[in-house]
2 protein chains.
Amino acid sequence: MPNDEPSAAASPEAPEAATPARRMRGGPKGLRITDVAALAGVAPITVSRVFNSPETVAPETLERVRQVVQKLGYVPNRLAGGLSSSRSRLIAAIVPTIAHSLFSETVQVFSETMSRAGYQVLLALSGYSDSNEETLLDAVLSRRPEGVLLTGVAHTESLRERLRNVGMPIVETWDMTATPIDMLVGFSHHQIGAAVAEHFLRRNVRAPGLVSANDDRALARRDGFRERLAQAGIREIAEVLVAPPSSVAVGKAALSTLIEQAPDLDAVFCGSDLLAIGVLGAAKRMGLAVPSQLAICGFGDLEFATETTPQLTTVRVDGTRIGLSAARCLLDRLAGIDKARVTDVGFHLVERETG
Amino acid sequence: MPNDEPSAAASPEAPEAATPARRMRGGPKGLRITDVAALAGVAPITVSRVFNSPETVAPETLERVRQVVQKLGYVPNRLAGGLSSSRSRLIAAIVPTIAHSLFSETVQVFSETMSRAGYQVLLALSGYSDSNEETLLDAVLSRRPEGVLLTGVAHTESLRERLRNVGMPIVETWDMTATPIDMLVGFSHHQIGAAVAEHFLRRNVRAPGLVSANDDRALARRDGFRERLAQAGIREIAEVLVAPPSSVAVGKAALSTLIEQAPDLDAVFCGSDLLAIGVLGAAKRMGLAVPSQLAICGFGDLEFATETTPQLTTVRVDGTRIGLSAARCLLDRLAGIDKARVTDVGFHLVERETG
DNA sequence: CTGAAAGCGCTTACAG
DNA sequence: CTGAAAGCGCTTACAG
């Protein structure tokens, strides 16, 4: 039974019988370090050392304190510990979403790595709107994390300024910029767009279209796509921008809209693999051969896509590597090691059947 | 420029010239509530009220304090606030993984809902092993969350006992039990297994097999599957258990192993849709017609599966609803509203082409 | 509507 | 290797 209250008698410095004039702040709130200390016959600071620097405690003392901890079921209060030491042992991860997306891989690996290093992860979902990004950041910073993972680089300048000033390690991810706030692990969406354009051009595409979400990174891909096509003299590009989250159904609906814009449409660059699958489905229903009559390129390389839709080309990005690399950046910095500021993990165009 | 230090002169109670005999604990650590209070000409408690109960502050005072907060860029320290008030405003979510899984939907919606209610989510990934579940729980409890979402119900009795004793709202999810720790939102894996067995029996399957991960919930599905088949006189069931994470490749490899065990294999129940896609791919390669020669049932209903693999049957579970419902359970409890202890969200067998 | 004092449960910075 | 005192930055519980 680990729930016996430490009796007043066990406390050597117990004063008179009555409790002193101490205003109660709520009832008893669970075990404190002093409870463990009293039972183990040591000072609170020694119990603290058992948790935070056991190598500085004598073996017998260590053992005795640990037994008491075990018996009582004591769990240190890290709110108090963090406040006192200015080490929250918390890392924040701010991502748009973790549902149906490669971000979930990044967060997964990031979290595992941080966890192994003794940190815990505060998850903050920003959605795709950055209207309330300031509010979200305030909420995150109020926890005093020791580091922050951000998704993307498109923040307002006031935000970037604030983040630079908080003086904690920050990794931006999933994008590329010459002027990161601090560190960056990502790739160029603009380059991806250009690479897909080139892929289409190699296939002698004449009337390419695009369907994607209208977030910053998707738009950067679009711009790269358009620019490369413009170099080849193709300037008329059918385009459907949709609000996130994208889905198979949205992709399906998009194809007819694109064809209305460009009746001779012969290629579609999709903002995600789900959209690509939708476009593929609609193409089949219309009797269009893929990729010979209609080339389709997705983005993200969900594993299933590789397997079930060999007609699709897609752009593979290694979300796992981003998460791992971002975690290492932060951990190195926290360990006082200086780190390369920008890491480009690149991307890979996965071509399938050529039809 | 929000980085001017509040001058000592602005502080009315500034004592002598020299700082008193106060041991420094680290350098200056950023803005404190007293900095805002001094500049706004109010007591710290008033600044506190501006954040925590603005309706109790006079409009002009409110405005003045907010201006100072804005100007200084002050962000309250919630480690301190949480310690002082015993309200951490933190909720923990403990899930096996968020990569490639329906859990990510649950966490997504759970997190969004909690966020809207003013809580932040601490993400703890347990993996599929529960060897270190105690350690993980200690780490979580050390943050003094106000509620916990757990995945599954298969915890050691000592763990269940500890959780019951911490006295905070707890929701178990993604499983079903008659004796939850506190609240539960889930469904019966055993029933799912039985339902899939019945589906196969309706198709006059004779030699069903199973490939799945060997975690608790997958094994519960297996047991339901076997029991229902046993009732129909089918007791020989080819079985491949694999370590998580499951993947398309693992599914592919599994089919030949199953066929070695049962050469006349005519149905496979897969522990996930990725496995099912792998089995489907392998079946095609072997020239087996799906589902006429080999019926395949997955689990999870990833959106793509519905679209790209109409030959597959799958079991749909609403991870989104679980997340939302779990969040509401916790929020209601935190608001003092008593809540139904167990919610069965059920599942849905999605049959496709009968081929 | 506002504030002075005390306390939340730890750890730092010394000191021995 | 161990400990007494002070402090981390807030909020509670009063009091006015």
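Only a predicted model underlies this, so the values are computations on that prediction, with no experimental measurement involved. (Residues numbered from 1 in each chain as written. Chains lettered and ligands numbered in written order. Predicted model: local features only at pLDDT ≥ 70, side-chain atom pairs only at ≥ 80, totals over all residues. Heavy atoms only, no water.)

K.L.:
Explain the overall build of chain A to me, please; I cannot follow it from the model alone.
P.N.:
When helices and strands are counted, chain A shows 13 helices and 12 strands. Taking the contacts inside chain A whose residues are at least 6 apart along the sequence as the reference set, 68% of them involve residues at least 24 apart. Carbon together with sulfur atoms contributes 52% to the accessible area of chain A, which is approximately 16400 Å² in total. (Helix = DSSP H or I, 4+ residues; strand = E, 2+ residues; numbered from the N terminus. Contact = heavy atoms within 4.5 Å. Areas by Shrake-Rupley, 256 points an atom, 1.4 Å probe, with all protein chains shown as cover.)

K.L.:
Would you explain the packing of helix H2 (residues 44–52) of chain A against helix H3 (residues 59–72) of chain A in this entry?
P.N.:
Any two packed helices are characterised by how steeply their axes cross, that is the angle between the axes, and by the distance between the axes. Residues and elements named next belong to chain A. Put simply, H2 and H3 touch, their axes get as near as 10 Å, and they point 90° apart. Considered as vectors, H2 and H3 are oriented roughly perpendicular to each other. Residues Thr-46, Val-47, Val-50 and Phe-51 of H2 lie in contact with H3, whose contacting residues are Thr-61, Leu-62, Val-65, Arg-66 and Val-69. Within the contact of H2 with H3, the residues separate by chemical class into six nonpolar, two polar and one charged. (Axes fitted to C-alpha atoms, helices over the stretch in contact; angles between N-to-C directions. Parallel < 35°, antiparallel > 145°, perpendicular 65-115°, else oblique. Nonpolar A, V, L, I, M, F, W, Y, C, P; charged D, E, K, R; others polar.)

K.L.:
How do you make sense of the packing of aromatic side chains when you look at a structure like this?
P.N.:
For any pair of aromatic rings, the description consists of the separation of the ring centres together with the inter-plane angle of the planes. Applying the stated criterion across every chain yields a total of 10 aromatic pairs over all chains. Relative to Phe187(A), the ring of Trp174(A) lies with its centre 5.6 Å away and its plane at 70°, an arrangement referred to as edge-to-face. In this pair, Trp174(A) sits in the loop between strand E4 (170–173) and strand E5 (183–186) while Phe187(A) sits in the loop between E5 and helix H8 (189–202), placing the two residues 13 residues apart along the sequence. Between the aromatic rings of Phe200(B) and Phe225(B), the centroid separation amounts to 5.9 Å while the plane-to-plane angle is 75°, which identifies the pairing as edge-to-face. You can see Phe200(B) sitting in helix H8 (residues 189–202) and its partner Phe225(B) sitting in helix H9 (residues 216–231), a full 25 residues away along the chain. (Phe/Tyr/Trp six-rings, centres within 6.5 Å; stacked < 30°, edge-to-face > 60°.)

K.L.:
Can you walk me through the sheet that holds strand E9 (residues 295–297) of chain B in this structure?
P.N.:
Within a sheet, neighbouring strands are paired by backbone hydrogen bonds and run either parallel or antiparallel to one another. Residues and elements named next belong to chain B. A sheet is described by the order of its strands in space; here four strands give the open sequence E7-E6-E8-E9, paired in parallel fashion. Across the chains shown, the open sheet's two edge strands, defined by having one partner strand only, are strand E7 (238–242) and E9. Each strand axis lies, on average, 10° off the axis of its neighbour in the sheet, ignoring direction. In the packing of H9 onto the sheet, the strands contacted are strand E6 (208–213), E7 and strand E8 (267–270), and the crossing angle to E6 comes to about 170°. (Pairing = 2+ DSSP bridges.)

K.L.:
Help me out: how do you make sense of the relation of the copies chain B and chain A in this one?
P.N.:
The two chain copies are related to each other by a rotation about an axis together with a translation along it. Take chain B, turn it by 180°, move it 0.0 Å along the axis, and it overlays chain A with an RMSD of 0.0 Å. Such a combination of turn and shift is consistent with a two-fold rotation axis. Most of the interface of chain B is mirrored in chain A, where 100% of its interface residues again form contacts. (Least-squares fit on C-alpha atoms with pLDDT ≥ 70 in both.)

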